[in-house]
Amino acid sequence: MMASRPPSAARAATSRPPTRSSARRRPSTTPAAHRSGTPRRERYPGRPRGRFLSLGAGVQSLSVFLLACEGRIPRFDAALFADTGWEPKQVYAQLDIARRIGARAGIPVLTVSNGNIRHDALNPNARFVTMPLFVKNPDGSRGMARRQCTGDYKIRPLKKAVREILGYPHPLRVPRGVFVDQAIGISTDEFHRAKDSDVNYTRNIFPLLDLGMSRSDCLAYLRERGLGDVVKSSCIGCPYSGNSRLRFIRDTDPQAWTDLIEFDKAIRNGSPRANAEGKPLRGQFFIHRSLLPLDEVDLDATRGRPGIEEDDPDGCSPFSCRSGPAATVPVP
Ligand code: SF4
């Protein structure tokens, strides 16, 4: 379990992130789109109208947040957390710690949301939710449903918030040159995930790349501040979860585990919304890659087998997520 107390200022002062000189020894961290595309000063003329952090409350983004709170990087106007409503309780606890530290530093943590992904996925009258669920096809082969949930539940509410901050809510057109800087917590070991923004009203920046900080640097930095047990930010029912994470949920939060087992059963024969619309799934959905009901999976049998134990290193990060394997089954 993570330490519940925020780090003291004295302890916080003892750690220093890697220097820019160490960053220079690392591979290029410039996003590919930036290297080959339009120079930023042309795409983003003028000065940013604000500086925000996309806070997932996991290892990297929490490190960026603390660096700003400690004045090691320029401060943020606010950190924005996109809440799917179905994160582990430990992530919400980490968010509470960030709120307390941010309050002392004058950097608010704001929550944005586009609904509760679990409720929506099970409600035949709610919007259609496309999670990357595993699919057992009629011929027994395994597929994976297309993922749109990151866009719907994380990216969309974050963009909506930025538009509102800038004073141009949808469908108003944001004029050229009106933009904010949006920090994303990508560490040097994952620099290839850094991408330019797909809209002109946010300019993505990557403080950890600028500082040359790796994931292990972030872990050490957090550990020195009493935050050595930060868990990954990701929906409880995310199919990208490895057995290690599933065991963690099972062993630390019985209610969340019960909810997850129920969810796994409820989606077996397809989306309730799709079924209500007369579009049944050809095959069956599963949370677990083994295509077994989750309560029949022996999660303890895979200890020491990294491929099955581990999940995505960062969970689901709004602007640096992996897209996952291509869709192999049509999802109505
Ligand atoms: S964590 Fe998984 S289920 Fe949740 S939004 Fe991201 S990809 Fe979808």
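Quick look at the structure, then. Just so you know, these numbers come straight off a predicted model, no measurement behind them. (Residues numbered from 1 in each chain as written. Predicted model: local features only at pLDDT ≥ 70, side-chain atom pairs only at ≥ 80, totals over all residues.)

All right, on to the overall build of the protein chain then. Helix and strand counts for the protein chain stand at 14 helices and eight strands. Relative to its 332 residues, the protein chain shows a buried fraction of 41%. Within the protein chain, contacts between residues separated by at least 24 positions form 74% of all contacts whose residues are at least 6 apart in sequence. (Helix = DSSP H or I, 4+ residues; strand = E, 2+ residues; numbered from the N terminus. Buried ≥ 20, exposed ≤ 12 C-beta atoms within 10 Å, placed from the backbone. Contact = placed C-beta atoms within 7 Å.)

A few words on the sheet that holds strand E3 (residues 109–112). Strand order in the open sheet formed by five strands is E3-E2-E1-E6-E7, with parallel pairing between adjacent strands. Every other strand in the sheet has two partners, leaving E3 and strand E7 (202–205) as the edge strands with one partner each. Adjacent strand axes in the sheet meet at a mean angle of 30 degrees, parallel and antiparallel pairs treated alike. (Pairing = 2+ DSSP bridges. Axes fitted to C-alpha atoms, helices over the stretch in contact; angles between N-to-C directions.)

As for its placement among the helices and strands, Leu-294 is situated in the loop between strand E8 (284–286) and helix H14 (306–309). Sequence-distant contacts of Leu-294, defined by excluding residues within four places in its chain, comprise Leu-260, Ile-261, Asp-264, Ile-287 and His-288.

Counting residues in each nonpolar core, the largest one holds 73 residues, and the members touching the most others are Leu-53, Leu-55, Phe-65, Ala-68, Ala-79, Ala-98 and Leu-133. Top element by residues in this core is helix H5 (residues 59–69). It accounts for eight residues. Among all residues touching Leu-55, those that are not within four sequence positions of it are Ser-61, Phe-65, Ala-79, Leu-80, Phe-81, Ala-98 and Val-109. (Core = buried A, V, L, I, M, F, W, Y, C linked by C-beta atoms within 7 Å.)

Every regular strand shows the same layout, with side chains that alternate between the two sheet faces. Where strand E2 (residues 78–82) meets E3, four bridges bridge the pair, whose relative direction is parallel. Bridging across to E3, Phe-81 finds its partner in Thr-111.

This part covers unusual backbone geometry. Cis rather than trans, the peptide bond between His-170 and Pro-171 has omega equal to 10 degrees. Along the polypeptide, Pro-171 turns up in the loop between helix H8 (149–166) and strand E6 (180–183). The residue Ala-57 is not glycine, and still its phi comes out positive at about 75 degrees. Note that Ala-57 resides in the loop between strand E1 (51–54) and H5. In the Ramachandran plot, Leu-291 falls in the positive-phi region, its phi being about 60 degrees despite a non-glycine side chain.

It is worth spelling out the packing of H5 against helix H6 (residues 89–105) at this point. It is the contact of H5 with H6, at a shortest axis distance of 10 Å, that shows an interaxial angle of 15 degrees. Comparing their axes, H6 and H5 come out roughly parallel. As H5 runs across H6, the sense of the crossing is left-handed. Counting all contacts with H5, which are made through Leu-62, Phe-65, Leu-66 and Cys-69, the residues of H6 involved are Gln-94, Ala-98, Ile-101, Gly-102 and Ala-105. Considered class by class, the residues forming the contact of H5 with H6 number seven nonpolar, two polar and no charged. (Parallel < 35°, antiparallel > 145°, perpendicular 65-115°, else oblique. Left-handed = near helix turned anticlockwise from the far one by under 90°. Nonpolar A, V, L, I, M, F, W, Y, C, P; charged D, E, K, R; others polar.)

What holds strands together in a sheet is hydrogen bonding between their backbones, with the strands either parallel or antiparallel. The three strands are arranged E5-E4-E8 in an open sheet whose pairing can be described as antiparallel. Either end of the sheet is taken by a strand with one partner, and the two such strands are strand E5 (142–144) and E8. Direction aside, neighbouring strands of the sheet carry axes that sit 35 degrees apart on average. For strand E4 (residues 134–136) and E5, the ladder comprises three bridges, and the chain directions are antiparallel. From the neighbouring strand, Val-135 faces E5, where its bridge partner is Gly-143.

To characterise two packed helices, one gives the angle between the axes of the helices and the distance between these axes. The geometry of H5 relative to helix H10 (residues 215–223) is characterised by a closest axis approach of 9 Å and an angle of 55 degrees between their N-to-C directions. Viewed along their axes, H5 and H10 adopt a mutual orientation that is oblique. When you trace H5 past H10, the crossing you get is left-handed. On H10, the residues touching Val-59, Gln-60, Leu-62 and Ser-63 of H5 are Arg-215, Cys-218, Leu-219, Tyr-221 and Leu-222.

With that settled, the discussion passes to H5. Working note: α-helix, 3.6 residues per turn, so residues spaced by three or four point in the same direction. Within H5, eleven of the eleven residues are buried, leaving the element largely enclosed by the surrounding structure. Turning to H5, its buried residues are Val-59, Gln-60, Ser-61, Leu-62, Ser-63, Val-64, Phe-65, Leu-66, Leu-67, Ala-68 and Cys-69. Immediately downstream of H5, the backbone of Gly-71 shows phi near 80 degrees, a positive value.

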